[in-house]
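Results of the structural survey
Take a look at the letters that make up each chain.
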Amino acid sequence: FSPGQKNNLISFYESHIENYKFMKFVPASGAASRMFSVWYVAGERGCFGSKKLDQLFLNNLKKMPFFRLIEQAKEKQKITDSGNIGNLLNYILSSDGLNYGQKPKALIPFHYYKSGDIRTPMEEHICEAAYYIRDTHNHCQIHFTLATGHKNEVAKYLRQVIPRYEKLYGLKYNIKFSLQSSSTNTIAVDIHNMPLRDETDKMIFRPGGHGSLLKNLNDLDADFIFIRNIDNIAPESAWSKIIPYRKMIGGFAIQAQEEIFAAIRQLKSTKIKASNIQDIISFCAKKLNVVIPRNMARESLELKRKYLLSQLNRPLRICAMVRNEGEPGGGPFWVLDNDGTISLQIVERGHVNEQDKEQRKIWSQSKYFNPVDMVCGLRNYQGRKFNLFNYVNNNAYLIVQKSEKGRTARALEVPGLWNGSMAYWNTIFVNLPLMVFSPVKTVNDLLRPGHFIT
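In what follows, the accompanying structure is described. All values derive from a computational prediction rather than experimental measurement.

Here the focus is the overall build of the protein chain. For the protein chain, the count of helices and strands is twelve helices and 16 strands. Oriented by its inertia axes, the alpha-carbon framework of the protein chain measures out at about 80 × 55 × 40 Å. Split into buried and exposed, the 454 residues of the protein chain put 51% on the buried side. Sequence separation of 24 or more characterises 75% of the internal contacts of the protein chain that already satisfy a separation of 6 or more. Just so you have it, the protein chain exposes about 22400 Å², and 49% of that area is on carbon and sulfur atoms. Charge centroids of the protein chain, computed over 61 positive and 41 negative side chains, lie 3 Å from each other.

A separate point is the pairing of strand E11 (residues 342–347). Pairing analysis gives six bridges linking strand E10 (residues 331–336) to E11, with the strands arranged antiparallel. Paired with Leu-336 across the bridge in E11 is Ile-342. Following E10, the chain reverses through five residues before pairing antiparallel with E11; Gly-340 in that reversal takes a positive phi of roughly 95°.

The subject of this paragraph is the nonpolar core. In globular proteins that are soluble, nonpolar side chains generally tend to be buried together. Formed by 75 residues in total, the largest nonpolar core has its most connected members in Met-122, Ile-126, Phe-144, Leu-158, Tyr-173 and Leu-312. Take this core: its biggest share by element is 15 residues, from helix H9 (residues 239–268). Residues in contact with Leu-312, not counting those within four places in the same chain, are Ile-260, Ala-263, Ile-264, Leu-267, Ile-280, Phe-283, Cys-284, Leu-288 and Asn-426.

The topology assignment puts Lys-103 in the loop between helix H5 (85–93) and strand E2 (111–112). A distance of 2.6 Å separates polar atoms of two side chains, one belonging to Lys-103 and the other to Glu-153. Sequence-distant contacts of Lys-103, defined by excluding residues within four places in its chain, comprise Ala-31, Ala-32, Leu-98, Ile-108, His-150 and Glu-153.

Let's shift gears to helix H6 (residues 121–129). The buried fraction of H6 is high, at nine of nine residues. Listing the buried residues of H6 in full gives Pro-121, Met-122, Glu-123, Glu-124, His-125, Ile-126, Cys-127, Glu-128 and Ala-129.

Here we take up the pattern of salt bridges. Side-chain pairs of opposite charge can arise where the charged atoms are in close proximity. According to the stated counting rule, one finds 22 salt bridges in the structure shown. Measuring nitrogen to oxygen at the nearest pair gives 2.9 Å for the salt bridge that ties Lys-247 to Glu-14. Pair noted here: Lys-247 is in helix H9 and Glu-14 is in helix H1 (residues 3–16), with a separation of 233 residues, a long-range link. Connected through salt bridges with shared partners, the residues Lys-24, Glu-128, Arg-228, Arg-246 and Asp-373 form a single ionic network.

Another point: the packing of aromatic side chains. Under the criterion given, the structure shown has 19 aromatic pairs. Summarising the aromatic geometry, the rings of Phe-36 and Tyr-100 are spaced 6.2 Å apart at their centres and angled 25° between planes, so their arrangement reads as stacked. Residue Phe-36 is located in the loop between strand E1 (22–27) and helix H2 (37–45), and its partner Tyr-100 is located in the loop between H5 and E2; the two are separated by 64 residues in the primary sequence. Each of the two residues, Phe-36 as well as Tyr-100, counts as buried. Relative to Trp-363, the ring of Phe-333 has its centre 5.5 Å away and its plane inclined at 15°; by these criteria the two rings are stacked. One end of the pair, Phe-333, is in strand E10; the other, Trp-363, is in helix H12 (residues 357–364), with 30 residues separating them in the sequence. Both residues of the pair, Phe-333 and Trp-363, count as buried. Here the aromatic residues Tyr-13, Tyr-20, Phe-22, Tyr-132, Phe-224 and Phe-226 are joined through ring pairs into a cluster of three or more. The ring of Tyr-113 is capped by Arg-119, whose NZ or CZ atom sits 5.0 Å from the centre of that ring. When the ring centre of Tyr-368 is taken as reference, the NZ or CZ atom of Arg-323 above it lies at 5.1 Å.

Scoring rules and cut-offs
- Residues numbered from 1 in each chain as written.
- Predicted model: local features only at pLDDT ≥ 70, side-chain atom pairs only at ≥ 80, totals over all residues.
- Heavy atoms only, no water.
- Helix = DSSP H or I, 4+ residues; strand = E, 2+ residues; numbered from the N terminus.
- Buried < 20%, exposed > 50% of the residue type's maximum accessible area, 1.4 Å probe, protein only.
- Contact = heavy atoms within 4.5 Å.
- Areas by Shrake-Rupley, 256 points an atom, 1.4 Å probe, with all protein chains shown as cover.
- Lys, Arg positive; Asp, Glu negative; His and termini not counted.
- Charge placed at Lys NZ, Arg CZ, Asp CG, Glu CD.
- Pairing = 2+ DSSP bridges.
- Core = buried A, V, L, I, M, F, W, Y, C linked by side-chain atoms within 4.5 Å.
- Polar contact = N/O pair within 3.5 Å; in protein donor to acceptor, adjacent residues only side chain to side chain.
- Salt bridge = Lys/Arg side-chain N within 4 Å of Asp/Glu carboxyl O.
- Phe/Tyr/Trp six-rings, centres within 6.5 Å; stacked < 30°, edge-to-face > 60°.
- Lys NZ or Arg CZ within 6 Å of the ring centre and 35° of its normal.

Given below as structure tokens:
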């Protein structure tokens, strides 16, 4: 979008938000174990492999947002020797200390402010939402998905921090949780496909991926939902530049949905003409990226009408895309399905047959990346909720490689929430600047310019 279009969409969002129920949906089911996987390995052997790497770790540790907490523990003599790498890592990761290896990622300190505040990503998401999710009654709707074992800890944490932010922003937060169903967990295996076992010799099961959260999303009551991962959150100093883009895609979502609903009502009318049908075909092709079958021009008016209704009467997603800077993850592609249809999809590397030279070439030439930053319209033209399970491509599962406390693990994941689970939604991709994407996949990502506060 041009600057003028951007400003118009922001104004459109701000003037129309009162007509709709907006919510922020934050997948926060993950533990921080993967984030600290390299530190787990170093902790087991008591060092990072060389004096140079050990010193680099100690230097970087001083820049981490939780370093002040380690210093406080040192003063209370909870760390016997801060120069001992093994002792330090044990204190940071284990239940004898900060227990970051077992905590939910949502509660790991991400940002240290000059005021002395230390904020977790959960806090940052809550604070940020006040600037664009607030309704006319000064209520702010946020939904977090959590792992079963984290609910009590998160609830206790929020009881401590929410009153402060409600007072600061002059609003009432309506924060709810749902759990990622354990029934979607799948067995973890090693690189030889043998079951992984824990210290008590029990087989390890892992969550079935973010696609397991489709039920959680389907259960929510909202017109539009902003979706963004728990670890993609910038410090407050960046919000004045980032939040306008959230409002922009929100305005675009409202606008696109209103156009879709208008087209459906036309198609439902008994007075619709051939020229109206042609206009709607053009809208589907140009605005919604629907690839119209070549034989459609020869079909009857009634068959065209039925086809267009089936295309339009679907959930809507407006997905931000950023320039590909080599981050691991999926991206936007045209996909040819088994039945010959072509559609826009977010494709993960695991979906690509890298033994196929042509497929590998297409993947490697991708210029854009999926930051998981989207707005979803979940109601039909009559105001009723879509059943999201009707729009899933169940063949789009994945076999993924993860870290299990420093060990390599393979696991099966159900169709991803923004991949196969949204395969048959109406999809529009929007180009946004890279600054909207501030991921923390490993602990050292906290030292990136987008997070580290000098």
